[in-house]
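# Descriptive analysis of the structure
Take a look at the letters that make up each chain.
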Amino acid sequence: MASPSLEIPTRPAAPEDYPWLGPAVRSAMLLSSGIVDLDPSGGVEAPTEQLEQPSVEVAAIEQALAAEGAAPLAERTLVLAVGSNQTPQTIARKYRRSGHAIPVATPFVRCTVHDLAVGHVASIAAPGYLPAAPYRSPGERMELVATWFDEAQLAVVDETEPNYDRLRLSAEEFPLSLATGEQPAVFDVYASRWGVLAEGRPLPLRHRQQEIFDELSVLTGEDRFIGDAAEVCARMAETPEALYDLVSAQGLVAPDGLARAAGARHPLSLGWAEQ
């Protein structure tokens with residue numbers, strides 16, 4: 001395993017740059033000493049499920065966890081991330097800001113998931129950007145990152161997602177292949193309580209906020225989406241509730257198609273935690 005690298009900024013990058021993923025998703029380990037890249041040198045070109053050999057060794061992950069005195073994989077919950085939670089930097093920042101003394105060691109592993117896609121929550125986050133959210137999409141195949149959280153870590157991340165439901169999905173419905181070569185039977189995902197932006201069908205995630213703001217300007221005819229993305233984010237942050245009211249009134253919201261337990265909550269607040 002390579003030496004830890006990459007400094008972890010205290011605050012996230014500019015809201016207009018959400019979801020802050022960089023050029024590609026990657027496998028990594030968040031350790032107390034920093035972030036370690038788990039991908040082979042030169043990266044991984046093919047989709048995870050098409051790799052002839054696993055690109056990440058489970059034994060290496062377990063060894064790193066043990067060295068930190070952290071819980072092994074068997075005592076962790078596998079969570080598929082769809083937005084900025086795919087990055088160790090975001091999760092490290094959430095641990096730090098929680099104020100809880102918890103072990104930070106966390107594995108992040110590339111994966112291929114079927115019949116699931118990523119779009120935009122039909123509401124604005126506190127800093128003014130449109131967050132990511134998953135939705136059912138038969139025939140879709142995506143490369144994302146899955147993360148193993150221990151009990152204390154998962155509680156912290158749950159606290160930062162007040163407007164999402166953490167759902168358990170079955171691989172029978174959403175086949176999942178990890179870079180470790182494993183195909184877990186179940187995994188969790190954070191799903192929006194507000195639905196997802198849609199024009200008949202859900203709008204796929206735009207990797208620049210400028211793109212989704214430009215699209216909303218056309219779809220809604222609203223001037224508030226016109227301008228540089230940084231300006232629009234600042235404008236939207238002033239009245240975050242306006243976005244949901246606007247898009248729901250114009251029929252630009254769709255359910256994500258992911259089953260909830262009976263009695264699941266409707267959104268009650270706009271208390272988006274900073275991602």
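Preceding this paragraph is the structure being described.
The following refers to the structure shown. The structure displayed is predicted, hence computed values, not measured ones. (Residues numbered from 1 in each chain as written. Predicted model: local features only at pLDDT ≥ 70, side-chain atom pairs only at ≥ 80, totals over all residues. Heavy atoms only, no water.)

## A look at the sheet that holds strand E11 (residues 253-254)
Taking strand neighbours across the sheet as the criterion, the 3 strands line up as E10-E9-E11 in an open arrangement whose pairing is antiparallel. Of all strands in the sheet, those bounded by a partner on one side alone are strand E10 (201-202) and E11. (Pairing = 2+ DSSP bridges. Helix = DSSP H or I, 4+ residues; strand = E, 2+ residues; numbered from the N terminus.)

## Considerations on the packing of helix H4 (residues 209-220) against helix H5 (residues 229-238)
Contact geometry for H4 and H5: axes closest at 9 Å, N-to-C directions at 70°. Here H4 is positioned roughly perpendicular relative to H5, judged by the angle of their axes. Considering how the two elements wind past one another, H4 and H5 form a crossing that is left-handed. Of H5, the residues touching H4 (which contributes Gln-209, Gln-210 and Phe-213) are Ala-229, Val-232 and Cys-233. Along the lines of polarity and charge, the residues of the contact of H4 with H5 split into 4 nonpolar, 2 polar and no charged. (Axes fitted to C-alpha atoms, helices over the stretch in contact; angles between N-to-C directions. Parallel < 35°, antiparallel > 145°, perpendicular 65-115°, else oblique. Left-handed = near helix turned anticlockwise from the far one by under 90°. Contact = heavy atoms within 4.5 Å. Nonpolar A, V, L, I, M, F, W, Y, C, P; charged D, E, K, R; others polar.)

## Considerations on the pairing of strand E2 (residues 34-37)
The sheet contact formed by strand E1 (residues 28-31) and E2 spans 4 bridges and is antiparallel. By the bridge assignment for E2, Leu-30 is matched with Ile-35. Following E1, the chain reverses through 2 residues before pairing antiparallel with E2.

## A closer look at helix H2 (residues 88-98)
Burial runs high along H2: 8 of the 11 residues are buried. Pro-88, Gln-89, Thr-90, Ile-91, Ala-92, Arg-93, Lys-94 and Tyr-95 are the residues of H2 that are buried. In this structure, the buried residues of H2 make contact with E1, E2, strand E4 (106-120), strand E5 (132-149) and helix H3 (151-159). One or two steps after H2, the chain reaches Gly-99, where phi turns positive at roughly 80°. (Buried < 20%, exposed > 50% of the residue type's maximum accessible area, 1.4 Å probe, protein only.)

## Brief notes about the side chain of Thr-112
Assignment of secondary structure puts Thr-112 in strand E4. A distance of 3.1 Å separates the side chain of Thr-112 from the backbone nitrogen of Glu-49, its partner in a polar contact. Beyond its immediate sequence surroundings of up to four residues, Thr-112 is in contact with Pro-47, Thr-48, Glu-49, Arg-141, Met-142, Glu-143, Pro-175, Leu-176 and Ser-177. (Polar contact = N/O pair within 3.5 Å; in protein donor to acceptor, adjacent residues only side chain to side chain.)

## Quick word on the nonpolar core
Generally speaking, soluble globular proteins have nonpolar side chains that are buried together. Grouped together as the largest cluster of nonpolar side chains are 79 residues, with contacts concentrated most on Ile-61 and Leu-80. If one sorts the elements of this core by residue count, E5 sits on top with 8 residues. With residues near it in sequence (within four places) discarded, Leu-80 still touches Cys-111, Val-113, Leu-116, Leu-144, Val-145, Ala-146, Leu-176, Phe-187, Asp-188 and Val-189. (Core = buried A, V, L, I, M, F, W, Y, C linked by side-chain atoms within 4.5 Å.)

## Some points on the pattern of salt bridges
Enumeration over the complete set of coordinates arrives at 14 salt bridges. In this structure, Arg-166 and Asp-158 form a salt bridge, with 2.9 Å as the shortest nitrogen-oxygen distance. For Arg-166, a relative accessible area of 34% corresponds to the partly exposed category. Since its relative accessible area comes to 27%, Asp-158 is described here as partly exposed. What you see here is one network of salt bridges that share partners, running through Asp-158, Arg-166, Arg-168 and Asp-188. (Salt bridge = Lys/Arg side-chain N within 4 Å of Asp/Glu carboxyl O.)

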